[in-house]
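# Fold and contact review
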Amino acid sequence: MTGLGWSKLVLLVLVGTALAPRAGADRETPPGRDPKQPVDEAYTERIHKYTTEPYFTSPLVDYLPASKTVPTPQAVLGDVAGAPGILPYAEDVYRYMRLLEKATPRVKVFSIGKTEEGREMIAVAVSSEENLKNLEENRARLAKLADPRAIKLDDAEADKLVGEAVPIYYITGTIHSPETGAPTALMELAYRLAVDESPYIKEIRDGTITLITPVVEVDGRDRMVDVYKWHLAHPKQFYPWLVYWGKYVAHDNNRDAMGVTLKLTENVLHTYVGWKAQVLHDLHESVPYLYDNTIGDEPYNAWIDPILADEWQVIGWNNVAAMTKFGMPGVFAHGDFDTWSPGYLMFIAALHNGISRLYETFGNGGADTEERTLQPEQYARTWYRQNPPLPKVLWSQRDNNNYEETGLLTSLHFFTENKQRFLKNFYLKAKRSTMKPSEEGPAAYVLPADDPRPALQAELLQVLERQAVEISRATSAFSVTLPAKKPKEPAKEKDRKEEKSPPPAPTTREFPAGSYIIRMDQPYSRIADALLDHQYWSPDDPQKTPYDDTGWTFGELYHVQVARVTDSKVLDVPMDRVREVHARGGVKGEGTLFAIANRAEPALATLRYKLHDASIEAAEEPFESAGKKFNRGSFLVRNTSRGDLDRAAAELGVQVTALTAPPEVKTHPVRAARIALVHTWLSTQTEGWWRLALDKLAIPYAYLSTQAIAKISDLNGKYDVILFPPVGYNAGVDAVVNGIPTAWGNPLPWKNTPETPNLVGKNDATDDLRPGLGWDGVAHLQEFVERGGVLLTAMDTSSLALSLGFADGVSTQNANKMKIVGSVVEMRLVDDASPIAYGYEEKGAAYCDNGPILSLSSIAGQRGRRRLGPEMRARPTGRGSVDDPDFAVGRPGMEAPEERKSEIWESPPVSDEQKRNGFRVIPPPRRPRVIFRYADSKDLLVSGLIEGGDEIAQHPAVVDAPSGKGHVVLFSINPVYRGETWGTYAMVLNAILNFDNLNAGRKDAAE
Ligand SMILES: [Zn+2]
């Protein structure tokens, strides 16, 4: 049926175009070829050959128009787009785009930046010759719509511009490297848009500028092509999985649109904002056969303009309707993707007043034609998927390309037909963003000039700069009214009557001159608001499976003060625009000894590594000198020239005070520890964020796989600290230790060879990805700690270290009913004398994703159960009142000994019974030390979703467990994550810099 419908439609289309001038009976421009334009017969024949079913194509892509002057993708590929066995490198894709540029004035290629490994990224503009000639004039028009302040928010002027401007539809391909189809689809799409003379395509070409970045993750694309080539050369063997995509992260490259820490995000963001594009449409592959997950499911991000939510629906459902008419099965626009987190690449558009879009099409992870069998839920017919995918089909890369191109062309056409509506919406969204203070508010965010963490404040402001947000600075002190704080939990009716306390009143807050003001009356206010505001995901939300993180509040994660100001007076404060944020640093005062207050700023660690010859000590207690107060952990720097220190401190935004005399305070050396960072071959994604952080801070480290650890018998000879960041992907002890079975199959090399020249890049290599840490590796790590090394673990590697018995007195449990899905939680400082805590305050936020839940015990080898808090001490039924002892008749009474109390995060006191022949009682100096704990249940949530949080509330969040002569430092939180958690970086850096003095300030229990 579907096949017949398809061919009938083609027939109608052809008849329609031959008889009537453009529109069909439905007044729509019919999709399909112009019979007057010749077809490239050989190319078209191959399209048909590689399309596995007639209903896996459409009248838009089942032919290729011929051109005498413009080369088809075959010129570079040697075959048609989507042909089996062919995956071009990025360089080949670019070569083709540049051939197009040479051959036709309808194509222009722009270089948009480089990747971390130095590969080029491009954007290809395809439109009519006239449109491309007038790019700059058009950009000026779009710029006025993008920033309505330029036309004084004048709607009539905007309408004029809307009538004249050509909109820009930006398409991005293959950000996810194993999703391989987009580059060839986009090569062919560019050709069609440049060459096809059918009215349908001509309308797009004349009405819209299509901008294409055919490869977003360029480093990963080249690796993927290598792997595929290896597979073609070894057809009977298993092939290596893509263990690295980009230099740092894999799938998470599509979670970077908040922090903008990766080059690809920065380059696409600049292109999107610089071109003033209306749409950013990102291509992915996973779901059969085309899932427009723009619409997704609730909850929607709370900071987007509702106009955008309507646009998602309008474009998405039109897309489904158009492809349904073509008879293409499996096209749908609703699914279990919530649209909450703004971390996805496409969300650059959503929070910069454009339209974000995303396709999941069906890819084979390569260019083989393969039989694909679906799960029942994938082929089930649902209300939103009336023509579902088929249970089992032969699927080709060409099929995938057909779907991608058809979806894009129908979208482009619909967008062009309605371009005035979308341009007007673009303007309206920008205008409404600019009017934010007088509409929903707030008026501004203020980052005070006296924040004790100026370097971290600058890091946060630089995120906003990368997001194209305008930043201002107050030229004088000012005050604003802050709304009354509501009590956290509403007082009970009874208590309220008794207390008769007055309702909380609004307060005034003073900000010093030099405070940063992020005005909300600017076109990109929404992204700033989304990053700086707090998030709340209700545990009762019908959406039970959040797709990604639920909370991200940047001020909290950076440990930087951010005031949300609704008082519009703030907009009248005299202020200057800041062009480049930089924290002020340098040396002040006289003397040859230099002191630096420690506020847990990562820049201090950078300074330590930079001044390698300087002698630096940490004060173990607070002190006063030169009329200033220095907190515990403050640096005392000697043996360095004032000039060197001043230069380094100025660059890093670190404030240094010269002292004439050394303070009387106990100190220990702060050394530039030799660091190894361990990765598995299972996944390098989550540790990649740790590498990125260390590289950004210019802290050197050796990068070692678990296999390498297994081969180094004297780790202490080479390293002082081993970081073992989270592995992710539910990797348990068996997977990390044993790796992938080697008892069968073939070795899976990850090496540069003539066949695979790009695999290794600047990362790591192995002859076989499969072996894990092995028992040798386990023994080496354990010896490393025994002999005095520091092993630092987080989340799943903390569980791993504990399962392997690396630390006594700590146990781990997985959450039972608790749900903390990528949330910001509050912690409390427990041991402020520990060097790991240097610079931190009593309270601070951290990123948590469901634990693990850690508990302490004073008994070795006790797999402690999670402690449930104070037990119910209800007395049994008997004589007396509730607190008056019972009696036993005929026996003298005896008071029970007072039970020694302990807090949830502490080691429970050793009981008299445990002390009897107590060979398992851990001596106090060997007991683990809790540095930070999770806040009480009622205070735990900062941002995001917490359900059943009492399972982890008050439990240890960061533990320093002595082991042999060394330490295992265990994190339940993830302190280094997605470039978003700068505030907790220093917990890791403190452990590194104080690796040989972690016991400083330790207070042991008496017994
Ligand atoms: Zn993807």
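Since this is a predicted model, take the numbers as computed values, not measurements.

### Description of the overall build of the protein chain
Within the protein chain, the regular secondary structure consists of 30 helices and 41 strands. For the protein chain, the C-alpha radius of gyration of 31 Å lies close to 30 Å, the compact-globule estimate for 1007 residues. Seen through its principal axes, the protein chain has C-alpha atoms that stretch 110 × 75 × 70 Å. Across the 1007 residues that make up the protein chain, the buried fraction comes to 60%.

### Section: the packing of aromatic side chains
Tallying each qualifying case throughout the model produces 35 aromatic pairs. On the numbers, 5.1 Å between centres and 85° between planes, the contact of Tyr 55 with Phe 56 is edge-to-face. When the ring of Phe 110 is compared with that of Trp 275, the centres are 5.0 Å apart and the planes differ by 85°; the resulting orientation is edge-to-face. Linking Phe 110 in strand β1 (residues 107-114) with Trp 275 in helix α11 (residues 263-275), this pair joins segments that are 165 residues apart in sequence. Residue Trp 275 is classed as buried on the basis of its relative accessible area, which comes to 8%. Grouped by ring-pair contacts, the aromatic residues Tyr 55, Phe 56, Tyr 289, Phe 362, Trp 395 and Tyr 403 constitute a single cluster. Against the face of Trp 275 rests Arg 139, its NZ or CZ located 5.3 Å from the ring centre.

### Focus: the pairing of strand β41 (residues 966-971)
With six of six residues buried, β41 lies mostly within the body of the structure. Residues Gly 966, Val 968 and Leu 970 of β41 are buried on one face, and the alternating residues His 967, Val 969 and Phe 971, pointing to the opposite face, are buried as well. The pairing of strand β31 (residues 790-794) with β41 spans five bridges and is classified as parallel. Paired with Ala 794 across the two strands is Phe 971, which belongs to β41.

### Examining the coordination of the zinc ion
Between any two of four tetrahedral donors, the ideal angle at the metal is 109.5 degrees; between two of six octahedral donors, it is 90 or 180 degrees. Distances from the zinc ion to its protein donors, His 176 (ND1), Glu 179 (OE), Glu 179 (OE) and His 284 (ND1), fall at 2.1 to 2.4 Å. Taken together, the four donor atoms surrounding the zinc ion define angles of 55 to 151° at the centre, an arrangement classified as irregular. Summarised as a motif, the one-chain spacing of the donors to the zinc ion is H-x2-E-x104-H. Taken together, the residues span a long stretch of sequence, with His 176 in the loop between β3 (168-172) and α8 (182-195) and His 284 in strand β5 (residues 279-285) at a distance of 108 residues.

### Comments concerning helix α12 (residues 306-325)
Over its 20 residues, α12 runs 29 Å from end to end, which matches the ideal 28 Å to within 8%, given 1.5 Å per residue. Turning to α12, its buried residues are Ile 307, Leu 308, Ala 309, Glu 311, Trp 312, Ile 315, Gly 316, Asn 319, Val 320, Ala 322 and Met 323. You can read the cap of α12 off the contacts: a side-chain oxygen lies 2.9 Å from the backbone nitrogen of Ile 307, and it is on Asp 305. Gly 327, located one to two residues past α12, shows a positive phi value of around 80°.

### A short note on the sheet that holds strand β19 (residues 575-578)
The strand order across the open sheet formed by five strands is β18-β13-β17-β14-β19, and the pairing between neighbours is antiparallel. Looking along the sheet, the strands with just one partner apiece sit at the ends: β18 (563-565) and β19. Each strand axis lies, on average, 30° off the axis of its neighbour in the sheet, ignoring direction. The sheet contact formed by strand β14 (residues 471-474) and strand β17 (residues 516-519) spans two bridges and is antiparallel. Its bridge partner being in β17, Arg 473 is matched across the sheet by Tyr 516. Relative to the sheet, helix α17 (residues 454-466) contacts β13 (444-447), β14 and β17, its axis offset from that of β17 by approximately 25°.

### Structural notes on the packing of helix α9 (residues 199-207) against helix α15 (residues 397-417)
Two numbers describe a pair of packed helices, the interaxial angle and the distance between the axes. Contact geometry of α9 with α15 gives a least axis separation of 9 Å together with a crossing angle of 60°. Between α9 and α15, the interaxial angle falls into the category oblique. The interaxial crossing formed by α9 with α15 has left-handed handedness. For the pair α9 and α15, the contacting residues are Tyr 200, Ile 201, Glu 203, Ile 204 and Gly 207 in the first and Leu 409, Thr 410, Leu 412, His 413 and Thr 416 in the second. Class assignment of the residues belonging to the contact of α9 with α15 gives a composition of five nonpolar, four polar and one charged.

### A closer look at the environment of His 612
Mapped onto the secondary structure, His 612 falls in the loop between α21 (603-610) and β22 (615-619). With 537 residues separating them along the chain, His 612 and Ala 75 place their C-alpha atoms 55 Å apart.

### Observations concerning the side chain of Asn 598
Relative to the helices and strands, Asn 598 resides in the loop between β21 (593-596) and α21. From its side chain, Asn 598 meets the backbone oxygen of Gly 633 in a polar contact 3.0 Å long.

### Some words on the sheet that holds strand β27 (residues 667-669)
As summarised here, the arrangement of the six strands in space is β20-β26-β21-β25-β22-β27, forming an open sheet in which the pairing is mixed. Pairing within the sheet leaves two strands with one partner each, and these edge strands are β20 (586-588) and β27. Within this sheet the neighbouring strands show an average axis-to-axis angle of 30°, counted without direction. Two elements, β22 and β27, share three bridges in a ladder whose sense is antiparallel. By the bridge assignment for β27, Ala 619 is matched with Thr 667.

### Some words on the environment of Ser 907
Tracing the sequence through the fold places Ser 907 in the loop between β36 (853-856) and α29 (912-915). Look past the residues within four positions of Ser 907 in its chain and what remains in contact with it is Leu 856, Ser 857, Ser 858 and Ser 902.

### Quick word on the pairing of strand β2 (residues 120-126)
Among the seven residues of β2, six are classified as buried, and the element is accordingly described as predominantly covered. In this sheet, β2 lies alongside β1 in antiparallel orientation, the contact comprising seven bridges. Looking at the pairing, Gly 113 lines up with Met 121 of β2. Joining the antiparallel neighbours β1 and β2 is a turn of five residues, in which Gly 118 adopts a positive phi near 85°. Looking at chain direction, β2 and strand β4 (residues 209-213) are connected through three bridges and run antiparallel. The residue of β4 that forms the bridge with Val 126 is Thr 210.

### A closer look at the pattern of salt bridges
Counted by the stated rule, this structure contains 59 salt bridges. Note that Glu 440 is salt-bridged to Arg 526, the shortest N-O span being 3.0 Å. Here Glu 440 is found in the loop between α16 (419-434) and β13, whereas its partner Arg 526 is found in helix α19 (residues 525-532), with 86 residues between them in sequence. With a relative accessible area of 48%, Glu 440 lands in the partly exposed category. Notably, a salt bridge pairs Asp 912 with Lys 915, separated by 3.9 Å at the nearest N-O pair. Of this pair, Asp 912 and Lys 915 both sit in helix α29, separated by three residues, roughly a single helical turn. The partly exposed category is assigned to Lys 915, whose relative accessible area is 36%. Ionic contacts of the salt-bridge type, sharing partners, join the residues Asp 305, Arg 432, Lys 436, Glu 440, Arg 526 and Asp 529 into one network.

### Description of the confidence of the model for the protein chain
With 95% of its residues at a pLDDT of 70 or more, the protein chain shows a mean pLDDT of 94. Contacts for the low-pLDDT stretch residues 1-21, under 50 throughout, to residues beyond four places or in other chains number 22 contacts.

### Quick word on unusual backbone geometry
Each neighbour pair has its own omega, and for Pro 288 with Tyr 289 the value is -20°, a cis peptide bond. Here Glu 298 and Pro 299 are connected by a cis peptide whose omega angle stands at -5°. You can see Pro 299 is positioned in strand β7 (residues 297-300). The backbone of Leu 153 shows a phi angle near 55°, a positive value even though the residue is not glycine. Examined against the element boundaries, Leu 153 turns out to sit in the loop between α6 (135-146) and α7 (155-164). In this structure, Val 260 takes a positive phi of about 50° despite not being glycine.

### So, the packing of α12 against α15
Orientation of α12 relative to α15, taken along the N-to-C sense of each, is 125°, at an axis distance of 9 Å. When the axis of α12 is compared with that of α15, the two are oblique. The handedness of the crossing between α12 and α15 comes out as right-handed. Residues Val 314, Ile 315, Asn 318, Asn 319, Ala 322 and Met 323 of α12 touch α15, and the partners they reach there are Tyr 403, Thr 406, Gly 407, Thr 410, Ser 411 and Phe 414. Residues of the contact of α12 with α15, tallied by class, amount to six nonpolar, six polar and no charged.

### Comments concerning the nonpolar core
Ile 518, Leu 723, Trp 750, Phe 932 and Val 958 are the most contacted members of the largest nonpolar core, which has 245 residues in total. If you look at the next biggest cluster of nonpolar residues, it comprises 34 residues, including Leu 715, Tyr 719, Leu 773 and Val 785.

The rules behind the values
- Residues numbered from 1 in each chain as written.
- Predicted model: local features only at pLDDT ≥ 70, side-chain atom pairs only at ≥ 80, totals over all residues.
- Heavy atoms only, no water.
- Helix = DSSP H or I, 4+ residues; strand = E, 2+ residues; numbered from the N terminus.
- Rg over C-alpha atoms; globule rule 2.2 N^0.38 Å.
- Buried < 20%, exposed > 50% of the residue type's maximum accessible area, 1.4 Å probe, protein only.
- Phe/Tyr/Trp six-rings, centres within 6.5 Å; stacked < 30°, edge-to-face > 60°.
- Lys NZ or Arg CZ within 6 Å of the ring centre and 35° of its normal.
- Pairing = 2+ DSSP bridges.
- Donors = N, O, S within 2.8 Å, 3.2 Å for Na, K, Ca; no water.
- Tetrahedral: all angles 85-135°; square planar, octahedral: opposite > 155°, others 65-115°.
- Expected span 1.5 Å × (residues − 1).
- Polar contact = N/O pair within 3.5 Å; in protein donor to acceptor, adjacent residues only side chain to side chain.
- Axes fitted to C-alpha atoms, helices over the stretch in contact; angles between N-to-C directions.
- Contact = heavy atoms within 4.5 Å.
- Parallel < 35°, antiparallel > 145°, perpendicular 65-115°, else oblique.
- Left-handed = near helix turned anticlockwise from the far one by under 90°.
- Nonpolar A, V, L, I, M, F, W, Y, C, P; charged D, E, K, R; others polar.
- Salt bridge = Lys/Arg side-chain N within 4 Å of Asp/Glu carboxyl O.
- pLDDT = per-residue confidence, 0-100.
- Core = buried A, V, L, I, M, F, W, Y, C linked by side-chain atoms within 4.5 Å.

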